[in-house]
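# An overview of the molecular structure
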Amino acid sequence: MKKAVFFDIDGTLLDENNFIPKSATEGIHRLQANGNYAFLCTGRSRAFVRGKELLDIGFDGIVSGCGTMIEFHDEVIYYRKLEEVLVQKTIAYLKRHQAATIMEGRFHLYLDEDDFGDDRYVVRLREEMGEDLLPIGTESSGWEVSKFSCVTKDSDLLLLKQDLEKDYELLLHSSEVMELVPKGCSKGTGILKVCEKLGIDRADTYAFGDSVNDLPMFEVAGHSIAMGNGTELVKQKASYVTDSLHNDGIYHALEHFGLF
């Protein structure tokens, strides 16, 4: 029976400098040669799933935006776009609370750079996204958004959580950083939709991750694998902890589970 393996991107496949271990690429190619599927499964919306070295690995599909978009062999099999009224309401609310916000979509990311100061992540977005990184501005007619990310003050986080959780699944990365994902969407629901499409049993799925938005993957996958460089919570929730990204963690785990 074919098996499906799902890989988070940031902190799992590549580091903050966009380095991908050669062993990871080799392991993915070997598992595919053995008749299995390899999927990206990322919190990044589709607009920010780019980079020649990453895409040239040759994944069978991509689950992006925490399950808001799913592709299989270049065919879009699912896409969840937020309604314009909800996007307008949400961005107005976040702006009132001075939360530095990124609106994430299929084709573009939107942010007001002055809200982030000299944040290294925003510098990276500008370098990698180019003209596909747009200001939020005041005109909403052209917005195409499937999720949000925001940075706020510690004291505001609880209030924001209480007000936003009726419309969104909230992923708290720290006391300041939060992702807002449409209700009913997660990396886990993405895996389930792939299983339904391809006729794969959940017991034959493997999920690699390192941070909080990977936990929904771990809840549904037959085998959950935390990177050695992952957070302590993710390691506690995983069924297996492999080595770190820089110590060939992906390759070692694929080998451990006999996937090639």
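We now turn to the structure provided with this report. Quantities reported herein were computed from a predicted structural model and do not represent experimental measurements. (Residues numbered from 1 in each chain as written. Predicted model: local features only at pLDDT ≥ 70, side-chain atom pairs only at ≥ 80, totals over all residues. Heavy atoms only, no water.)

Moving on: unusual backbone geometry. Residue H73 is not a glycine yet carries a positive backbone phi of 50°. For H73, the position within the fold is in the loop between β4 (69-72) and β5 (75-79). Judged by its relative accessible area of 48%, H73 is partly exposed. We note that Q98 has phi near 55°; this positive angle belongs to a residue other than glycine. By the element assignment, Q98 lies in the loop between α3 (84-96) and β6 (100-104). (Helix = DSSP H or I, 4+ residues; strand = E, 2+ residues; numbered from the N terminus. Buried < 20%, exposed > 50% of the residue type's maximum accessible area, 1.4 Å probe, protein only.)

Let us look at α3. The end-to-end C-alpha distance of α3, which contains 13 residues, comes to 18 Å, matching closely the 18 Å that a straight helix rising 1.5 Å per residue would cover. If you check which residues of α3 are buried, you get L86, V87, T90, I91, Y93 and L94. Projection of α3 onto a plane perpendicular to its axis shows the buried side chains occupying an angular sector of 160°, all on one side. Opposite the buried face of α3, at more than 90 degrees from it, the exposed residues are V85 and R96. Two residues or fewer past α3, Q98 is found with a positive phi of approximately 55°. (Expected span 1.5 Å × (residues − 1). Arc of directions from axis to C-beta.)

Moving on, we get to the pattern of salt bridges. Note that side chains of opposite charge can pair when their charged atoms are close. For the structure shown, the criterion picks out 17 salt bridges. Put simply, D132 and R50 hold a salt bridge, and the shortest N to O gap is 3.0 Å. With a gap of 82 residues between them, D132 in the loop between α4 (120-129) and β8 (133-134) and R50 in the loop between β2 (37-41) and α2 (52-55) connect regions that are remote in the sequence. The class for D132 is partly exposed, based on a relative accessible area of 25%. Linked by salt bridges that have partners in common, D10, R44, R124 and E128 make up one network. (Salt bridge = Lys/Arg side-chain N within 4 Å of Asp/Glu carboxyl O.)

Another aspect to go through is the sheet that holds strand β1 (residues 4-7). The strand order across the open sheet formed by eight strands is β5-β4-β3-β2-β1-β12-β13-β14, and the pairing between neighbours is mixed. The sheet terminates laterally at β5 and β14 (240-241), the two strands that pair on one side only. Looking at chain direction, strand β13 (residues 223-226) and β14 are connected through two bridges and run parallel. Bridge pairing links A226 to V241 in β14. (Pairing = 2+ DSSP bridges.)

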